[in-house]
Amino acid sequence: MSVVTRFAPSPTGYLHVGGARTALYSWLYAQRMGGEFVLRIEDTDLERSTPEAIDAIMQGMEWLGLKWDHGPYYQTKRFDRYKELVQQLVEEDKAYKCYCSHERVEKLREQQMEKGEKPRYDGKCRDAEEQEGPFVIRFKNPDDGVVVIDDLIRGKIEIANTELDDLIIQRTDGSPTYNFCVVVDDWDMKMTHVIRGEDHINNTPRQINILKALNAPIPVYAHVSMILGDDGKKLSKRHGAVSVMQYRDDGYLPEALLNYLVRLGWSHGDQEIFTLEEMKSLFSLEGVSKSASAFNTEKLNWINQHYIKESDPEHVAEHLAWHFADQSINTENGPALSKVVSIQADRVKTLKEMAEISRYFYEDYSEFDEKAAKKHLRPVAKQPLETVKAKFAALADWNAEAIHTAINTTAEELEVGMGKVGMPLRVAVTGAGNSPSLDVTIELIKKEDVLTRIDKALAFIAEREQQA
Ligand code: GLU
């Protein structure tokens, strides 16, 4: 039997990192088993589902590279199928019309609560005659016995049928309810493994009973634990970014987020870094932890930094391009992005930062960093800057080695330390006091731009002299 898993989001917002982790586990499990992965949009809640949310979820999945083999299927397009099966259950006496008014059900509920009982429908209409007037359809839950779930993550779970009541599967307006749609879809879409958040664990026994009533095979279930914030509460916006696309915007590589998410709740020895290929070949549901996991941004940063440093610069550059565009930096007339990646990789934690600190490769800075200018663009810097500028101007080949020699010989000729040339030059070229090694930095900027920027620094020094 070939494995089929699914991700079944309700499109009511962005793709949450918790949802993304569930999707990742389902996807990886299918990959590992040579199976298939289905994307199903659970959009039956017409008031809360939006097309924007559907787009946002798919965008998140695509950015993470979680490709689905089938779908997206939309539950709203499958209403005929749900109705057909509701009808079948009614005909087989496994479901029934319930004419109880909302008031009656509410009153029953209140009475049960007062007595300290768990509220449940009392089955009054199980044997009711056909009547006029509005009705819902309820599933006839078995009265006795237990439902056993052999959860691949949580182990054996048993629920007595006396704990469950006759669930509404079709509302008064004829629309099917959530649990029923999930059951029919899991069956029709040939799900072998249902991997989902533990918040659905209460639905599972009900769904299993309905599957049994339909004579459908029961999939294997695996309920993944929650992700918590650093205060031990369920991860939410209060803790920082929770939307997958926000992580893109904040400068994370998709593979870093995937690596972080796979480890958040799953382990394989003490290995931290997993290539996608490793994840696909090593992932197992047995290795998924039962306990909740706490989101740790520092660790995510560490993993992101690892991927920025260790990945092929060409690959990182493809993602960096998005950030340059996002920061309105036009990179058309500057160095290849991969070169910038090569020299900036170990200076940043995120690609957003990398774009921020690399602006000077593509455009002149608008003003000097105040502190750096104050310290390094002083009258004593005038001669070193003029000398190095003349040497730069005379260079036939604009490369790091020649640039390096020009800086060195300037220091030698003027009998000053390298820093006396290097620091003013750095501020002149980059606008600030931090950059990678000067020769490789300057090599990436056009010669005429470097000369213009040195002039700008000299003008700044002159102006300062005048003011003094
Ligand atoms: N639509 C549900 C959700 O977004 C998931 C249902 C399921 O996986 O069975 O929470």
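Basis of the calculations
- Residues numbered from 1 in each chain as written.
- Predicted model: local features only at pLDDT ≥ 70, side-chain atom pairs only at ≥ 80, totals over all residues.
- Heavy atoms only, no water.
- Helix = DSSP H or I, 4+ residues; strand = E, 2+ residues; numbered from the N terminus.
- Rg over C-alpha atoms; globule rule 2.2 N^0.38 Å.
- Buried < 20%, exposed > 50% of the residue type's maximum accessible area, 1.4 Å probe, protein only.
- Contact = heavy atoms within 4.5 Å.
- Lys, Arg positive; Asp, Glu negative; His and termini not counted.
- Charge placed at Lys NZ, Arg CZ, Asp CG, Glu CD.
- Pairing = 2+ DSSP bridges.
- Right-handed = clockwise from strand over helix to strand, strands pointing away.
- Core = buried A, V, L, I, M, F, W, Y, C linked by side-chain atoms within 4.5 Å.
- Salt bridge = Lys/Arg side-chain N within 4 Å of Asp/Glu carboxyl O.

> Residues and numbers for the overall build of the chain, please.
Counting its secondary structure elements, the chain contains 19 helices and 12 strands. In terms of C-alpha radius of gyration, the chain reaches 32 Å, well past the compact-globule figure of 23 Å for 468 residues. Across its three principal directions, the C-alpha atoms of the chain cover 105 × 45 × 40 Å. Burial analysis of the chain (468 residues in total) assigns 49% to the buried set. A fraction of 75% describes how many contacts in the chain between residues 6 or more apart in sequence connect residues 24 or more apart. On the chain, the mean spot of the 58 positive side-chain charges and the mean spot of the 76 negative ones are 3 Å from each other.

> Hey, could you go over the pairing of strand E10 (residues 220-224) for me, with residue numbers and the actual values?
E10 sits mainly inside the fold: 4 of its 5 residues count as buried. Judged from the 5 bridges that link them, strand E9 (residues 193-197) and E10 form a sheet pairing that is parallel. For arginine 196, the partnering residue across the bridge sits in E10 and is histidine 223. Crossover handedness for the path E9 to helix H6 (residues 203-213) to E10: right-handed.

> Pulling in residues and values, what's your account of the nonpolar core?
In this structure, Met61, Phe392 and Leu425 are the most contacted members of the largest nonpolar core, which totals 101 residues. The leading source of residues in this core is helix H1 (residues 17-32), at 9 residues. Those residues within four positions of leucine 425 in sequence are excluded, and the remaining contacts are Leu385, Val388, Phe392, Ile407, Leu438, Ile442 and Ile454.

> Lay out the pattern of salt bridges with the relevant residues and their values.
Throughout the structure, instances matching the rule amount to 28 salt bridges. Note that arginine 104 is salt-bridged to aspartate 122, the shortest N-O span being 2.5 Å. Residue arginine 104 is located in helix H4 (residues 102-114), and its partner aspartate 122 is located in the loop between H4 and strand E5 (136-139); the two are separated by 18 residues in the primary sequence. Relative accessible area serves as the criterion here: at 41%, aspartate 122 is assigned to the partly exposed category. A salt bridge links glutamate 413 to lysine 391; the nearest nitrogen and oxygen atoms lie 2.8 Å apart. Residue glutamate 413 is found in helix H16 (residues 400-414), and its partner lysine 391 is found in helix H15 (residues 382-394); the two are separated by 22 residues along the sequence.

Remember that the coordinates give geometry; whether it matters functionally is a separate question.
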